[in-house]
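# Breakdown of the fold
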Amino acid sequence: AKLPGSYLFAEIARRVNEYSAKHPGANVIRLGIGDVTRPLAPAVVEAFEKAVREMGRAETFHGYGPDYGYDFLVNAIIENDYKPLGVDVDFDEVFVSDGAKCDVSNVQELFSDDAVIAVTDPVYPVYVDSNAMAGRAGEYVNDRWNRLCYLPCNAGNGFVPPLPDRPVDVIYLCYPNNPTGTTLTHAQLKTFVDYARANGCIIVYDAAYKAFITSGAPKSIYEVEGAKDVAIECCSYSKTAGFTGTRCGFMVIPHGVKGLGANGEAVSLNQMWKRRMGSKFNGVSYPVQRAAAAVYTPDGAAQCRDTIRYYLRNAAVIRDGLTAAGFEVYGGVDAPYIWMRTPGGMDSWAFFDKLLSEANVVGTPGAGFGPCGEGYFRLTAFNTLEKTQEALARIREKMAGM
């Protein structure tokens, strides 16, 4: 009941639907919500179809699967996502799920009611909302929650969050970042790992966009020494392989990550998460896990890389086009998101309405991502190349010189 208004993207959908109803002839181009447009890779579809056919025969039918994921997918994750990075992950440290959004919102169930949570600002709203729903964020006062510790990220600090200025128990980090599209270097990430180790914090690390990294930034927090003692990592096939409508992801909780119990005793979060999943989750369907495993085959991996390159090309179109039009732009190199400053200091929701009504282009107001998001605006690279180019042409025609 304390949550303000509606979920950010629900409010965007409401405004767009209202505009479209009043202007039925408008050709609205959506660069707002981070949903993909490219189809599943052929190798993924083939594996998906084969698995579905197996479900239709008694001799190959699968009922309840393993709580934490089928062996074939867990082993593929270890071999392809971690071993090439020089990271050792045990089989029972990997938990297959129905997507990173569920993981980053459910993981807070491991934390006590009085745990102090730190989030970057701006931030993916789910980290904040899930803790607020649990009663951990306090009261919503003057556009912020009074029990959260905000780590402001803006152009002034290069969108690199500062360390918390007071004791905290959990720090949420997302890199490549949603919404700013920026990354942290190994050294910058190590600062947070060292802080967490020295201060008894847990890091929840959202690596949903790691497949977009081109600059050499870390693809896993576990590339940083000591991170396996303090960090939980959430990963997704939604953007890596177009699974937004298929739903599959995974979370890694190393055995070394410990919390403190009521009496100050060390508690294994890995064991606690196993208990939680056994009680609340019956696993991801067999066909979906087979489809996810196909992402790691030679054909599947190559096809998914092609799609990533397609979206990164769109990001370059947006970034370069906005820059040429005189806008101040960030991100779009290691991520499918472009973070632009609103012209003339315009309110981000006012810019949303102006962009929609005058250019028929939908983006995401920065204010929806937190107090420090005000004055910024997010555009995504997930539409088609043709529509992305058309959207940029409209923005340059209608908005340039503001």
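The preceding data block contains the structure.
The notes below deal with the structure included here. (Residues numbered from 1 in each chain as written. Predicted model: local features only at pLDDT ≥ 70, side-chain atom pairs only at ≥ 80, totals over all residues. Heavy atoms only, no water.)

The next thing to look at is the overall build of the protein chain. Across its full length, the protein chain holds eleven helices and 17 strands. For a compact globule of 402 residues, the expected C-alpha radius of gyration is about 21 Å, and the protein chain comes in at 21 Å, within 12% of that figure. Taking the principal axes of the C-alpha coordinates as reference, the protein chain spans close to 55 × 55 × 40 Å. Residues counted as buried form 54% of the 402 residues belonging to the protein chain. (Helix = DSSP H or I, 4+ residues; strand = E, 2+ residues; numbered from the N terminus. Rg over C-alpha atoms; globule rule 2.2 N^0.38 Å. Buried < 20%, exposed > 50% of the residue type's maximum accessible area, 1.4 Å probe, protein only.)

Quick look at the packing of aromatic side chains now. Tallied over the full model, the rule gives 23 aromatic pairs. Summarising the aromatic geometry, the rings of Y237 and F250 are spaced 5.9 Å apart at their centres and angled 50° between planes, so their arrangement reads as tilted. Of this pair, Y237 sits in the loop between strand 9 (231-236) and strand 10 (249-252) while F250 sits in strand 10, placing them 13 residues apart in sequence. Of the residues examined, Y237 reaches a relative accessible area of 2% and is grouped as buried. Look at F250 and you get buried, because its relative accessible area is 2%. Ring centres of W339 and Y376 lie 5.4 Å apart, and the angle between their planes is 10°; this geometry places the pair in the stacked category. Of this pair, W339 sits in strand 14 (residues 337-341) while Y376 sits in strand 17 (residues 376-380), placing them 37 residues apart in sequence. W339 sits in the buried class, given a relative accessible area of 0%. Aromatic rings pair up to connect F9, F159, Y330, W339, F369 and Y376 into one cluster. For the cation-ring pair, R38 lies above Y310, with the distance from its terminal atom to the ring centre recorded as 4.0 Å. Across from the ring centre of F72, 3.7 Å away, lies the NZ or CZ of R290, which sits over that ring. (Phe/Tyr/Trp six-rings, centres within 6.5 Å; stacked < 30°, edge-to-face > 60°. Lys NZ or Arg CZ within 6 Å of the ring centre and 35° of its normal.)

So, on to the pattern of salt bridges. As enumerated under the stated definition, the model contains 19 salt bridges in all. Linking E139 and K2 is a salt bridge whose minimum nitrogen-to-oxygen distance equals 2.9 Å. Taken together, the residues span a long stretch of sequence, with E139 in the loop between helix 5 (125-133) and strand 4 (140-141) and K2 in the segment before helix 1 (8-22) at a distance of 137 residues. Overall, E139 belongs to the partly exposed group, its relative accessible area being 39%. Between D306 and R309 there is a salt bridge whose closest N-O contact spans 2.3 Å. You can see D306 and its partner R309 sitting in helix 9 (residues 298-324), three residues apart, about one turn around the helix. (Salt bridge = Lys/Arg side-chain N within 4 Å of Asp/Glu carboxyl O.)

Before going further, it helps to examine the sheet that holds strand 9. One key point about sheets: their strands pair by backbone hydrogen bonds, in either a parallel or an antiparallel sense. Taken in spatial order, the seven strands of this open sheet run 2-10-9-8-7-3-6, and their pairing is mixed. The strands lining the two open edges of the sheet, one partner per strand, are strand 2 (94-97) and strand 6 (149-152). If you compare each strand with its neighbour and ignore which way they point, the axes differ by 20° on average. Note: strand 8 (residues 202-206) against strand 9, four bridges, orientation parallel. Looking across to strand 9, one finds that Y205 is bridged to E233. The sheet contacts of helix 7 (residues 269-280) involve strand 2, strand 8, strand 9 and strand 10, and relative to strand 2 the element is tilted by about 30°. (Pairing = 2+ DSSP bridges. Axes fitted to C-alpha atoms, helices over the stretch in contact; angles between N-to-C directions. Contact = heavy atoms within 4.5 Å.)

Strand order in the open sheet formed by four strands is 13-14-17-16, with antiparallel pairing between adjacent strands. Of all the strands in the sheet, just strand 13 (329-331) and strand 16 (364-365) have a single pairing partner and so form its edges. Two strands pair when backbone bridges link them, and strand 16 and strand 17 are joined in this way by two bridges, in the antiparallel orientation. Each residue of the ladder has a partner; that of T364, found in strand 17, is R378.

Where helix 1 contacts helix 10 (residues 348-359), the axes come no closer than 11 Å and their chain directions differ by 35°. For the pair helix 1 and helix 10, the crossing hand works out as right-handed. Judged by residue contacts, L8, E11, I12, R15, V16 and Y19 of helix 1 engage W349, F352, D353, L356 and S357 from helix 10. Class assignment of the residues belonging to the contact of helix 1 with helix 10 gives a composition of seven nonpolar, one polar and three charged. (Left-handed = near helix turned anticlockwise from the far one by under 90°. Nonpolar A, V, L, I, M, F, W, Y, C, P; charged D, E, K, R; others polar.)

Below, the discussion takes up helix 8 (residues 286-294). Counting buried residues in helix 8 gives eight out of nine residues, a clear majority hidden from the surface. Here helix 8 has its buried residues at Y286, P287, V288, Q289, A291, A292, A293 and A294. Buried residues along helix 8 sit in contact with helix 2 (42-55), helix 3 (71-82), strand 2 and helix 9.

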